[in-house]
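Each chain, letter by letter, is given below.
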Amino acid sequence: KATVSVLYWQMAINSPSLKWSEHMKPSVLNRGHLGDEDEVEREERWRLKWKSFAIVYIAYTGYHFTRNNISAAKMGLKSDVGLTLGELGSVDTSFLTMYAMGQFISGAMADTWGPRATMMTGMIGSAACNLIIGLADNPSLELKVLWALNGIFQATGWACSLKVLSNWFPESERAFAVGAWCTNSSVGSIATAFLAGTIMSFFAWRGAFIIPALLVLGLAVVVYFGLYNDPEEVGMRHTCDTEVPIDEESPLLGSGSTGVKRMYLSLLTPDTTPLLTDVTVDSVRSLMNGGEAPLISMLKEPRVWIMGCGYFFVKLVRYSMWFWMPMYLHTVQGYSVQAATFAGSAFDIGGVIGLLIVGKACDKYMPHRARAASLGLLCLSGALMIFPTLAAMSPTMCVAGLMLCGLTLYAPDCIVAGASAQDIGGLEGTASAAGIINGLGSIGACFQGFVVSFIVTLYGWDKLFYFFSVSVLFAVVIMAPLSLKPWVVRSS
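Residues numbered from 1 in each chain as written. Predicted model: local features only at pLDDT ≥ 70, side-chain atom pairs only at ≥ 80, totals over all residues. Heavy atoms only, no water.

## Observations regarding the overall build of the chain
Helix and strand content of the chain: 22 helices and zero strands. Sequence separation of 24 or more characterises 83% of the internal contacts of the chain that already satisfy a separation of 6 or more. For the chain, the computed accessible surface area is about 21,000 Å², with 68% contributed by carbon and sulfur atoms. (Helix = DSSP H or I, 4+ residues; strand = E, 2+ residues; numbered from the N terminus. Contact = heavy atoms within 4.5 Å. Areas by Shrake-Rupley, 256 points an atom, 1.4 Å probe, with all protein chains shown as cover.)

What follows is the structure in structure tokens.
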């Protein structure tokens, strides 16, 4: 603990963004914990923390404008451009495939370049793809190529946002912060449906691509000028309020770091000035990661792969519910097209409730991420098993069943891909960890079309929900090695 504290203080002194005096008073240097800040500093940190939250919330909501808009434009693309249902389906598949691949890339970019630059690049690239499609004379080829490229740009949103939240929110507040932030998925989907539907009535399918693209370009400007990557950019210390014990196997005091041990012992001597001036931010961060890039370090982290493989099944279920629930309600339960669409939104509404309630509860009562996620997934498995029965009773029970499924799915989904990635990755590897976990989950989303059509065709809709229930149990089994062990937060 002493080693981390001394090195962290020296990182703060040498950080050019802080511009502190060389003759800093010892009382200021020794403020090693956020609780030691005065009232003015705490208020400023609180303001900037929630400002950063608001910006990444609005920005990721904007990502949906240039992602989900194709759902409203498909009818026009089919009638005006002449694309078949098979071609439109292949466009979706290519997008999801590139989106999954992009998660691995974007995480490394955010850890290397910073989340602000990476997010702005993704938003501009996504907007450009939409503008070209909307302005093309016959966008058949452009749609197939550029919508796949759009998947890569869209992948920058998740990892970058989690990186910012990890930098600004301490571990004790992280589950609630990420849970509240994840509600933008539902908000973005609903807002895009309303926006694209309204635009289509005035400007046809081209407007559904052009106008959302212009809005996203405006949001990219907001991100560039208003978002801070971390507290260091404004002269504050990182939100490291969690102390992780250092044992003999740690990167700092392990058997292979005798030089660091000697440096640590030297730092405790009275004549420390020459040694302290040689310690830099980059050298300490490289030391904490064993000299490896964050992406390489996270690829070697077993917990990342366990969470990612479990998330494969969670995201398969979530995307299947998103894409196919209105059709189930229309064909099986006899709802009209409009009623099926509105009833299906109960799934998202339940998810918002679950994210806000469960996130706060986890921070206070169950900080063990894998255990909390597994408990939620067990509840989800039961909800999926009884949903066909509830849906057949009455519309009210059907909506209640959908809300229950959303409540029990969104919360563990957010814990696995959000808060756990932040804990595992630490300040330097959050984006890489989030990218890998979400990338593996997105592979599961790519299979949703095949899985749903295959099971429904051969066995019927009811068996599909039973399959979802068993799939969620697979995720619980995969994460069992972590659920049964103490949860460790990576020190940064």
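## A short note on a nonpolar patch on the surface
Where nonpolar side chains cluster on the molecular surface, the patch consists of Ile-349, Ile-353, Leu-356, Ile-357 and Leu-407 and spans about 390 Å² of accessible area. It is helix H17 (residues 346–365) that provides the largest number of residues to the nonpolar patch, a total of four residues. A relative accessible area of 42% places Ile-349 in the partly exposed class. (Patch = residues over 30% accessible without salt bridge, like charges linked within 9 Å, V, L, I, M, F, W, Y side chains within 5 Å. Salt bridge = Lys/Arg side-chain N within 4 Å of Asp/Glu carboxyl O. Buried < 20%, exposed > 50% of the residue type's maximum accessible area, 1.4 Å probe, protein only.)

## As for the packing of helix H15 (residues 302–331) against helix H21 (residues 461–478)
Contact pair H15 / H21: the axes reach a minimum separation of 9 Å and the direction vectors enclose 165 degrees. Classified by the angle between their axes, H15 and H21 sit roughly antiparallel to one another. The two elements H15 and H21 meet at a crossing, and its hand is left-handed. Of the residues that constitute the contact of H15 with H21, the class distribution is 19 nonpolar, four polar and one charged. (Axes fitted to C-alpha atoms, helices over the stretch in contact; angles between N-to-C directions. Parallel < 35°, antiparallel > 145°, perpendicular 65-115°, else oblique. Left-handed = near helix turned anticlockwise from the far one by under 90°. Nonpolar A, V, L, I, M, F, W, Y, C, P; charged D, E, K, R; others polar.)

## Side note on the packing of aromatic side chains
According to the stated counting rule, one finds 25 aromatic pairs in the structure shown. Taking the centre distance of 6.0 Å and the plane angle of 50 degrees together, the rings of Tyr-328 and Phe-387 count as tilted. Of this pair, Tyr-328 sits in helix H15 while Phe-387 sits in helix H18 (residues 369–393), and the two are 59 residues apart along the sequence. With respect to burial, Tyr-328 and Phe-387 carry one shared label: buried. Measuring from ring centre to ring centre gives 5.8 Å for Phe-450 and Phe-454, while their planes differ by 20 degrees; the resulting arrangement is stacked. Note that Phe-450 and Phe-454 are positioned in helix H20 (residues 448–459) at a spacing of four residues, about one turn of the helix. Take Phe-450: its relative accessible area is 57%, and that puts it in the exposed class. Its relative accessible area of 41% is what places Phe-454 among the partly exposed residues. (Phe/Tyr/Trp six-rings, centres within 6.5 Å; stacked < 30°, edge-to-face > 60°.)

## What about the nonpolar core?
In terms of nonpolar packing, the biggest core is built from 94 residues, with Met-123, Trp-181, Met-321, Leu-329, Leu-384 and Phe-387 touching the most fellow members. Per element, the largest residue contribution to this core is 17 residues, and it comes from helix H19 (residues 395–446). If you look at the next biggest cluster of nonpolar residues, it comprises 19 residues, including Val-91, Cys-129, Ile-133 and Leu-146. (Core = buried A, V, L, I, M, F, W, Y, C linked by side-chain atoms within 4.5 Å.)

## What to know about the side chain of Gln-103
Position of Gln-103 among the secondary structure elements: in helix H5 (residues 85–113). Judged by relative accessible area, which is 0%, Gln-103 ranks as buried. Here Gln-103 is in contact with Ala-155, Trp-158, Gly-435, Asn-438, Gly-439 and Ser-442, once residues within four sequence places are set aside.

## Digging into the packing of H15 against H20
Orientation of H15 relative to H20, taken along the N-to-C sense of each, is 70 degrees, at an axis distance of 9 Å. By the angle between their directions, the pair H15 and H20 is classed as roughly perpendicular. The chirality of how H15 crosses H20 is right-handed. Side by side, H15 and H20 meet where Leu-316, Tyr-319, Ser-320, Phe-323 and Trp-324 of the first sit next to Gln-448, Gly-449, Val-451 and Val-452 of the second. Across the contact of H15 with H20, the residue classes tally to six nonpolar, three polar and no charged.

## Some points on the pattern of salt bridges
According to the stated counting rule, one finds six salt bridges in the structure shown. Note that Arg-116 and Glu-233 form a salt bridge whose closest N and O atoms lie 3.0 Å from each other. Of this pair, Arg-116 sits in helix H6 (residues 115–135) while Glu-233 is found in the loop between helix H10 (184–226) and helix H11 (258–267), placing the two residues 117 residues apart along the sequence. Owing to a relative accessible area of 19%, Arg-116 belongs among the buried residues under this scheme.

## Things to note about the environment of Asn-438
Position of Asn-438 among the secondary structure elements: in helix H19. In this structure Asn-438 comes out as buried when scored by relative accessible area, which is 1%. C-alpha of Asn-438 to C-alpha of Gly-107: the two residues are 331 residues apart in sequence and 9.7 Å apart in space. The contacts of Asn-438, once residues within four sequence positions are left out, are Tyr-99, Gln-103, Trp-158, Tyr-311 and Lys-315.

## Regarding unusual backbone geometry
Here Ala-204, not a glycine, exhibits a phi torsion of approximately 65 degrees, which is positive. Along the chain, the position of Ala-204 falls in helix H10.

## As for the environment of Pro-139
Within the secondary structure, Pro-139 sits in the loop between H6 and helix H7 (140–154). For Pro-139, a relative accessible area of 2% puts it in the buried group. Sequence separation between Pro-139 and Leu-77 is 62 residues; the distance between their C-alpha atoms is 8.8 Å. Here Pro-139 is in contact with Val-81, Ile-133 and Trp-205, once residues within four sequence places are set aside.

## A word on the state of the cysteines
Inspection of every chain in the model, using the stated rule, returns zero disulfides. With no disulfide of its own, Cys-398 lies closest to Cys-405 among cysteine sulfurs, the gap being 9.5 Å. (Disulfide = S-S within 2.5 Å.)

## A short note on the environment of Tyr-311
When you line up the elements, Tyr-311 lands in helix H15. C-alpha separation for the pair Tyr-311 and Gly-439, spaced 128 residues apart in sequence, amounts to 9.2 Å. Beyond its immediate chain neighbours, meaning those up to four positions away, Tyr-311 contacts Arg-318, Asp-413, Val-416, Ala-417, Ile-437, Asn-438 and Gly-441.

## Details of H15
Counting along an α-helix, one turn takes 3.6 residues, and residues three or four places apart therefore face a common direction. Counted at 1.5 Å a residue, the expected span for H15 with its 30 residues is 44 Å, and the 43 Å between its end C-alpha atoms agrees. Of all the bends in H15, the greatest, near 55 degrees, is centred on Trp-324, and the proline Pro-326 appears no more than four residues after it. (Expected span 1.5 Å × (residues − 1). Bend = angle between axes of the 7 residues up to and from the residue.)

## Section: the confidence of the model for the chain
Fine structural detail should not be taken from predicted coordinates in areas where pLDDT scores are low. Looking at the chain, pLDDT values average 77 and 77% of them are 70 or higher. Scored below 50 in pLDDT, residues 1–33 shows 53 contacts in the model against residues more than four places distant or in partner chains. Overall, residues 241–287 carries pLDDT values under 50, and its contacts beyond four positions in sequence, including any with other chains, amount to 67 contacts. (pLDDT = per-residue confidence, 0-100.)

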